[in-house]
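# Report on the structure
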Amino acid sequence: MALKRWILFIVIFLISLTVVLSLLIYFQAKNPFKTASEDAESYVMKHELLSDINDSYVYNSSDSFHTVIGTTDNGEEKAFFIPEKKIDEAIMEVNLKDGITKEQAIELAMKEEKDSKILHAKLGVEEVGPVWEITFVDNDNNLGYVYLLFNDGDWWKRISNL
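Parameters at a glance
Residues numbered from 1 in each chain as written. Predicted model: local features only at pLDDT ≥ 70, side-chain atom pairs only at ≥ 80, totals over all residues. Heavy atoms only, no water. Helix = DSSP H or I, 4+ residues; strand = E, 2+ residues; numbered from the N terminus. Rg over C-alpha atoms; globule rule 2.2 N^0.38 Å. Buried < 20%, exposed > 50% of the residue type's maximum accessible area, 1.4 Å probe, protein only. Pairing = 2+ DSSP bridges. Axes fitted to C-alpha atoms, helices over the stretch in contact; angles between N-to-C directions. Core = buried A, V, L, I, M, F, W, Y, C linked by side-chain atoms within 4.5 Å. Salt bridge = Lys/Arg side-chain N within 4 Å of Asp/Glu carboxyl O. Phe/Tyr/Trp six-rings, centres within 6.5 Å; stacked < 30°, edge-to-face > 60°.

Bringing the overall build of the protein chain into the picture now. Looking only at helices and strands, one finds 2 helices and 8 strands in the protein chain. In the protein chain, the order of α-helices and β-strands from amino to carboxyl end is α-β-β-β-β-α-β-β-β-β. Over its C-alpha trace the protein chain gives a radius of gyration of 21 Å, far above what one expects of a compact globule, namely 15 Å for 162 residues. The C-alpha extent of the protein chain, read off along each of the three principal axes, is 75 × 45 × 30 Å. Scored against the burial criterion, the 162 residues of the protein chain give a buried share of 33%.

Shown next, in the form of C-alpha cells:
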C-alpha cells in the first residue's frame, strides 16, 4: 500500500513539475516580444506620434517591424511601422483612411478561400510598401498567406498549402 502511494506521489510530482516548467518556458519565450512591443508603443507616445494606441504587434518579413496603430491628436487613425533597429531605418507611417480596412482586406482575401478559418490579419511593410497579411487555415488544414497592397487591395503575393 505504501509503495502505491509513493508511485502516485512521484507521478503527480512529475506531472506538476512538467506543467510548471512548461509555463515558465512559455512566459520566458514570450517576454522579448512583449518588451519589444512595449518599447515601440512608448517610442510612439514619447515622440507624440499618437495620442491613443488601439493595437500593436510584431510584423516579421525580411525585416522585423513593430506596427503601432492608433489615433493622433487630430483624430486621424494612423499606423506607424517601427523598425526593430530604430537607428538604421526611418519610421514609416500610413494614414488608415488612405487604404483598405482590415475588414475589407479579409473579405478580399477570403473570396476564393471559402470556409477557411482566419488566424490573423496584420498590417506590415514589405518591399512593395504597406501590405495586409492575412493568415488562414483551409479545409484541408493547410496554412495559407495572402498579401494585399494596403493602398488599393490588389493582390501582391499568395502562399498556399503549407
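That shown, we press on.
A sheet is described by the order of its strands in space; here 4 strands give the open sequence β5-β6-β7-β8, paired in antiparallel fashion. Where the open sheet ends on each side, the last strands, each with one partner, are β5 (117-126) and β8 (155-159). Neighbouring strand axes in the sheet, compared pairwise and without regard to direction, differ in orientation by 15° on average. Looking at chain direction, strand β7 (residues 143-149) and β8 are connected through 4 bridges and run antiparallel. What sits directly across from Y147, in β8, is K157.

For the rest of this paragraph, the subject is the nonpolar core. A79, F81, V94, L96, L123, W132 and I134 are the most contacted members of the largest nonpolar core, which totals 20 residues. Elements that contribute at least two residues to this core include exactly β2 (64-71), β3 (77-83), α2 (102-109), β5, β6 (129-137) and β7. Judged by nonpolar contacts, the second largest core, of 6 residues, contains V44, L50, V68 and F80.

This paragraph deals with the pattern of salt bridges. Per the counting criterion, the structure on display carries 1 salt bridge. In this structure, E93 engages K78 in a salt bridge whose closest nitrogen and oxygen atoms are separated by 2.8 Å. Taken together, the residues span a long stretch of sequence, with E93 in strand β4 (residues 92-95) and K78 in strand β3 at a distance of 15 residues. Judged by relative accessible area, which is 40%, E93 ranks as partly exposed. When its relative accessible area of 15% is taken as the criterion, K78 is described as buried.

With that settled, the discussion passes to the packing of aromatic side chains. The final tally for this structure, using the stated rule, is 5 aromatic pairs. Seen from their ring centres, Y26 and F27 are 5.2 Å apart, and the 70° between their planes marks the pair as edge-to-face. What makes Y26 partly exposed here is its relative accessible area of 45%. Here F27 falls in the exposed class, since its relative accessible area comes to 53%.

On the basis of which strands lie adjacent, the open sheet formed by 4 strands has the order β1-β2-β3-β4 and antiparallel pairing. Both outer strands of the open sheet, β1 (52-60) and β4, are each paired with one neighbouring strand and no more. When the angles between neighbouring strand axes are averaged without regard to direction, this sheet yields 20°. As paired elements, β3 and β4 share 4 bridges and run antiparallel to each other. Its bridge partner lying in β4, F81 is registered against M92.

Looking at where D39 falls in the secondary structure, it is placed in helix α1 (residues 2-46). Once the C-alpha coordinates of D39 and T18 are considered, the two residues, 21 residues apart in sequence, prove to be 32 Å apart.

A word on unusual backbone geometry. Its identity as a non-glycine residue notwithstanding, E48 has a phi of 55°, on the positive side. Structurally, E48 can be placed in the loop between α1 and β1. Note on E48: relative accessible area 65%, which makes it exposed. Phi angles above zero are rare outside glycine, and N141 is one such case at about 65°. Here N141 falls in the exposed class, since its relative accessible area comes to 65%.

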